[in-house]
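Residues per chain, in single letters:
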Amino acid sequence: MYALVDCNNFYASCERLFQPKLRGRPVVVLSNNDGCVIARSDEAKAIGIAMGTPAHLSHEMFREHDVRVFSSNYTLYGDISDRVMQTLASFVPQLELYSIDEAFLDCSELGLMDLSKLSLDIRRTVMQNIGIPVSVGVAPTKTLAKMANRYAKKKYKSLGVFYAANNDLVNQMLSETNVEDIWGIGRQYTKLLQGHGFKTALDLSRAPEEWMRTSMTVVGQRLWNELNGIPSIEWEFEAAPKKNICTSRSFGKLTGDKELLREAVSNYAARCAVKLRKQHSVCRSVNIFLNTNPHKTDHRQYMPSVTIECETPTSDTGELIAYALKGLDFVYQKGYLFMKCGVIVNGLIHEDAVQQNMFDSRDREKHKKAANAMDKINRCLGKDAVRMAVQRFDNRYKLRADHLSKRYTTNINEILRVKI
DNA sequence: TCTGGGGTCCTAGGACCC
DNA sequence: TCTGGGGTCCTAGGACCC
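Please read these numbers as outputs of a predicted model, since none were measured by experiment.

Asker: Account for the overall build of chain A, with residues named and values stated.
Answerer: Across its full length, chain A carries 13 helices and 13 strands. For 420 residues, the compact-globule estimate of 2.2 N^0.38 gives 22 Å, and chain A sits close to it at 24 Å. Its C-alpha atoms give chain A principal-axis dimensions of about 65 × 60 × 50 Å. Out of the 420 residues belonging to chain A, those deemed buried represent 45%. For chain A, restricting intrachain contacts to residue pairs at least 6 apart in sequence, the fraction spanning at least 24 positions comes to 68%. Of the roughly 22700 Å² of accessible surface on chain A, a fraction of 52% belongs to carbon and sulfur atoms. Taking the average place of the 58 positive charges on the side chains of chain A and the average place of its 47 negative ones, the gap between the two points comes to 6 Å.

Below is the structure:
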């Protein structure tokens, strides 16, 4: 049996944690750059604010309904997430962290324990320890557990848990879930399935296995198995090292200034380098891309990207910045207004598996020591306390974040103050 | 003024090898 | 009418996830 625990309206719940007066009030959290809505409290959902709504189209509505708006504060959400996961880990021998607000729990070795009772217990404990509301779905496969979780939220809102303990309960859930709400079914597959007359998950579970395989390849076969109670998605208890790493941002405002782009690209390359070293990887190539704003149909559009092979696989900040700047030189053209740029490092391998290049004149040991020292200082003093000159300190291209809350739990200067 | 950022898996097709 | 038969590796593109 699999349990899926999911934090309700996670980002909105995190913000409300430190401002209890917002309980019962509509709260939304915006994406980077305050672009669009990415999290909503129940109250915000109830007044019809849709996921992904551009913020600039909603100001009227926010004012009208007295909606509290936040910029996203990933430092805070990441820390609250760690705490929730720690609490969850105390209930089962093993769990898989699936996303910042979700985890699968392995219930297979809990013997005859009453899983409904366990679910309620989890919910109560997380609420008491952390203050974040969660929902729990328990079922024989991951796909069904995801479904059970969604079903709990929809149908047993106040209870917050659903245990698909037998065939009747599984079928009841399947019959009340539409195909488009199944985990793994997106827009394209929804079109395909509806076109063939499949409306509910129950319909799909009874589709001919052969048809699922031929029209949806192995993805369809797996899904068919999972819907029929045959686990076909493996556990991943240990986070696998990433195969590529991307750092990209939209700018606070459009720019064609090459110096500004150099600064942004250097910073993103440096972030990639830190992420690489954290998982003990080096990359074989670096990709740099620029995007104009596709929404501005009257602007000239240009979305170039270029990949540069590293002479020797590396995770060195200075080296990656140099590659990234070389890439920028290659694709940059005057006369365009850019909205976004990014750096992707590809072909990651373990740092110990590097083939030495016999023409390599760089003292890698020395640079590695310097990088490690830099990481250590930055871990203590906050990220980017030490940086390369080209990164600058003034962040002229910085994103918008007009409604940022404090980093209550990770920065001593921003700790919650209580007036008595 | 203003529309996120970061990933995964699968398949097809081309380049190349013996 | 006809063009070998296997392989591997890489990339691009499409689908999906939060």
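Asker: How would you explain the protein's contact with DNA strand C if you had to name every residue and give the values?
Answerer: Around DNA strand C, the structure places 13 residues, and the nearest of them are Glu102, Lys146, Gly184, Gly186 and Tyr189. Within the side chain of Asp101, an N or O atom sits 3.1 Å from a sugar or linking oxygen of DNA strand C. Contact between DNA strand C and Arg187: a phosphate oxygen at 3.4 Å from a main-chain N or O atom of the residue. Listing elements by their share of the surface near DNA strand C, those giving two or more residues are strand E5 (95-99) and helix H8 (187-195). Sort the elements by how many residues they give to the surface near DNA strand C and H8 lands first, with 3 residues. Of the residues that constitute the surface near DNA strand C, the class distribution is 5 nonpolar, 4 polar and 4 charged.

Asker: Provide a residue-level description of the domain arrangement of chain A, including the pertinent values.
Answerer: Domain annotation of chain A identifies domain 1 (92-125 + 135-227) and domain 2 (245-391). Spacing between the C-alpha centres of domain 1 and domain 2 amounts to 40 Å.

Asker: I'd like to hear about the pairing of strand E12 (residues 338-346), residue by residue, with values.
Answerer: Here 7 bridges tie strand E9 (residues 245-255) to E12, and the two strands are oriented antiparallel to one another. The partner of Ser250 across the bridge, within E12, is Lys340. The sheet contact formed by strand E10 (residues 281-292) and E12 spans 8 bridges and is antiparallel. Each residue of the ladder has a partner; that of Phe289, found in E12, is Gly342.

Asker: How would you summarise the packing of helix H1 (residues 10-17) against helix H4 (residues 74-89) if you had to cite specific residues and measurements?
Answerer: Relative to each other, H1 and H4 sit at 95°, their axes nearing to 10 Å. Relative to H4, H1 is oriented roughly perpendicular. Between H1 and H4, the contacting residues are Phe10, Tyr11, Cys14, Glu15 and Leu17 on the first element and Tyr74, Leu76, Tyr77, Ile80 and Ser81 on the second. Along the lines of polarity and charge, the residues of the contact of H1 with H4 split into 8 nonpolar, 1 polar and 1 charged.

Asker: Explain the side chain of Ser281 to me, and be specific about the residues and the numbers.
Answerer: Along the chain, Ser281 falls in strand E10. Accessibility expressed as a relative area gives 4% for Ser281, which makes it buried. The contacts of Ser281, once residues within four sequence positions are left out, are Leu276, Ser315, Leu348, Ile349, His350 and Glu351.

Asker: I'd like to hear about the protein's contact with DNA strand B, residue by residue, with values.
Answerer: Looking at DNA strand B, there are 22 residues lining it, with Cys246, Ser248, Arg249, Ser250 and Lys296 nearest. Of all atoms in DNA strand B that approach within 4 Å of the protein, 75% are sugar or phosphate atoms. A distance of 2.9 Å is found between a phosphate oxygen of DNA strand B and a side-chain nitrogen or oxygen belonging to Lys243. Side-chain polar atom of Lys340 to a phosphate oxygen of DNA strand B: 3.2 Å apart, as the coordinates give it. Elements with a minimum of two residues in the surface near DNA strand B: helix H10 (209-227) and E9. The element that contributes the greatest number of residues to the surface near DNA strand B is E9, accounting for 6 residues. Class assignment for the residues of the surface near DNA strand B results in 4 nonpolar, 11 polar and 7 charged.

Asker: Explain the packing of H8 against H10 to me, using residue names and the numbers behind them.
Answerer: It is the contact of H8 with H10, at a shortest axis distance of 12 Å, that shows an interaxial angle of 140°. Considering their axes alone, H8 and H10 lie oblique with respect to each other. Regarding H8 and H10, the two cross each other, and that crossing is right-handed. For the pair H8 and H10, contact is made by Tyr189, Leu192 and Leu193 and by Trp211, Ser215 and Met216, respectively. When grouped by side-chain class, the residues that make up the contact of H8 with H10 number 5 nonpolar, 1 polar and no charged.

Asker: Lay out the pairing of E10 in plain terms, naming residues and giving numbers.
Answerer: In terms of burial, E10 is largely enclosed, as 11 of its 12 residues are buried. Pairing between E10 and strand E13 (residues 349-350): 2 bridges, direction antiparallel. Residue pairing for E13: Ser281 is matched across the bridge by His350. Sheet topology note: the E10/strand E11 (residues 305-314) ladder contains 6 bridges and is antiparallel. Its bridge partner lying in E11, Phe289 is registered against Ser305.

Rules used in this analysis
Residues numbered from 1 in each chain as written. Chains lettered and ligands numbered in written order. Predicted model: local features only at pLDDT ≥ 70, side-chain atom pairs only at ≥ 80, totals over all residues. Heavy atoms only, no water. Helix = DSSP H or I, 4+ residues; strand = E, 2+ residues; numbered from the N terminus. Rg over C-alpha atoms; globule rule 2.2 N^0.38 Å. Buried < 20%, exposed > 50% of the residue type's maximum accessible area, 1.4 Å probe, protein only. Contact = heavy atoms within 4.5 Å. Areas by Shrake-Rupley, 256 points an atom, 1.4 Å probe, with all protein chains shown as cover. Lys, Arg positive; Asp, Glu negative; His and termini not counted. Charge placed at Lys NZ, Arg CZ, Asp CG, Glu CD. Near = heavy atom within 4 Å. Polar contact = N/O pair within 3.5 Å; in protein donor to acceptor, adjacent residues only side chain to side chain. Nonpolar A, V, L, I, M, F, W, Y, C, P; charged D, E, K, R; others polar. Domains from an automatic or database assignment. Pairing = 2+ DSSP bridges. Axes fitted to C-alpha atoms, helices over the stretch in contact; angles between N-to-C directions. Parallel < 35°, antiparallel > 145°, perpendicular 65-115°, else oblique. Left-handed = near helix turned anticlockwise from the far one by under 90°.

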